[in-house]
Every structure is written in structure tokens, then in C-alpha cells.
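# Residue-level structure breakdown
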Amino acid sequence: MKENKSYSIKFSLEDGYSPNRTTKRRMLSNMKEMYLDNEAFEFMLERSDICIYEFYELGIPEKSSELAFGTTIIYPGKVGNEYFMTKGHFHEVLETAEVYYCTKGHGFLLMEDPEGRTEIQEMTPGISVYVPPNFAHRSINISNTEPFIMFFVFRADAGHDYKTIETKGFRKLVVEMNGKPEIIDNPKWEI
Ligand code: ZN
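Here we summarise the structure given alongside this text.

Conventions and cut-offs
- Residues numbered from 1 in each chain as written.
- Predicted model: local features only at pLDDT ≥ 70, side-chain atom pairs only at ≥ 80, totals over all residues.
- Heavy atoms only, no water.
- Helix = DSSP H or I, 4+ residues; strand = E, 2+ residues; numbered from the N terminus.
- Buried < 20%, exposed > 50% of the residue type's maximum accessible area, 1.4 Å probe, protein only.
- Contact = heavy atoms within 4.5 Å.
- Lys, Arg positive; Asp, Glu negative; His and termini not counted.
- Charge placed at Lys NZ, Arg CZ, Asp CG, Glu CD.
- Core = buried A, V, L, I, M, F, W, Y, C linked by side-chain atoms within 4.5 Å.
- Pairing = 2+ DSSP bridges.
- Axes fitted to C-alpha atoms, helices over the stretch in contact; angles between N-to-C directions.

## Digging into the overall build of the protein
Across its full length, the protein carries two helices and 13 strands. Within the protein, the proportion of its 191 residues that are buried is 45%. Of the contacts formed within the protein by residues at least 6 apart in sequence, a portion of 68% connects residues at least 24 apart. Across the protein, 22 positive and 30 negative side-chain charges occur, with their mean positions spaced 4 Å apart.

## So, the nonpolar core
A general tendency of soluble globular proteins is for nonpolar side chains to be buried together. Core analysis: the biggest nonpolar cluster contains 44 residues, and Met31, Tyr35, Val79, Met123 and Ile140 have the highest contact counts within it. Every element with two or more residues in this core is listed here: α1 (38-47), β2 (51-55), β3 (67-74), β6 (98-104), β7 (107-112), β9 (128-131), β10 (136-141) and β11 (148-155). With near-sequence residues (within four places) excluded, tyrosine 35 lies in contact with Phe41, Ile52, Val79, Glu82, Tyr83, Phe84, Met85 and Lys188.

## Focus on the sheet that holds strand β8 (residues 118-123)
One open sheet holds the three strands; their spatial order is β8-β7-β10, and the pairing between them is antiparallel. With one partner strand each, in any of the chains shown, β8 and β10 form the two edges of the open sheet. For this sheet, the mean angle separating the axes of adjacent strands, direction not counted, is 20°. Pairing of β7 with β8, which is carried by six bridges, proceeds in the antiparallel orientation. Paired with glycine 107 across the bridge in β8 is methionine 123.

## Notes on the pairing of β3
Taking burial as the measure, the eight residues of β3 include seven buried ones, the bulk of the element. By the bridge criterion, eight bridges tie β3 to β11 in an arrangement that is antiparallel. Bridged to leucine 67 within β11 is arginine 155.

Printed below as a string of C-alpha cells:
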């Protein structure tokens, strides 16, 4: 058996990047049907397929004894009046928690369990949030100028269930109204 070894990896406090490692990028075209305003989405996509967010997958073994970690960088912008956000996911192993720590920017962490309980936490640099087991989670950049950057850690075998959110969405959305973020009911959400 291979001996366990410690290691260190740098994630920049400036831009969230780790030197010599590549991120996974989610482009606008990867976010089809995720935003409420489809017309605004199509209009934007015709002009340019921009990067909405990126994150690291370091290839840590997917074992319950291991921890996956890295940064997520969500760029500022909106589709219609809905802020740029991650797709959001449940963990395949539903009963697994996650920790996020904000290093830059301003955002919300939106959480929702299968029974419909919603939790939302505001994040600024220095704030950490505990995402409890069972809760889907989505990160939303509520700044119009600055990237929203977080460091995350979760049990490495937790897996990602994106499908449930891709098909159903979240019960709540975060949109800009009168220059401020507002949490509204998702009109497209159905049981
Ligand atoms: Zn997660």
C-alpha cells in the first residue's frame, strides 16, 4: 500500500488560481435552462460564450477517508436580472456535508433539502459556511464587479448529483431588484 504523504497547494488570495493546475470551466452554453430568463440567455449566448465559473478538481481518490478541496471562482454578471451562479448540486452520497470559506468578493450560498427547506448564507471574505448533510448547494455572485471566490472541502467520495437541479432547479432564485439582491420563489419550480 502506498504511504500517505502530506502536500501543499497554493490558491491565490488575489484570483483563486493555483499555479500549474487547470480548472474546470462552466461556460454560458453549459448553463442552458438554468436561468429563468431564456430570452436573455439566448441573446447573450449569440454574442459570446463567456465563462460563468470555474473550479478545481484535483483528482483526489474518491474514498470516504479522503477530502476533496479546491477553489470555485464565480464571475460577476447577470442573465436578465439573475446573478451568475453555479449549477448547484446534491451530493450523490446525500448524507455528506461540505465547508466553504470565502476569500474574495460577495455572494450567497443557497441551500435546499429534498423536503423543501431553504437556507441562505451571505458570504464575504473571512466567512465560512457549513453546508449540512442532505442539502443541495449553489453559489451566487451578488457583486456586479468582482469575482466571488471560495475554498471548499468535502468528503472525497460524496460525488455530485447535478441532474436533480438541472431538471427541477432550486425552489428559490436570487435576482437583482432596484440594484439589490432579492430572494424570490422560482416560478418554474414544480413538484
Ligand atoms: Zn458539494
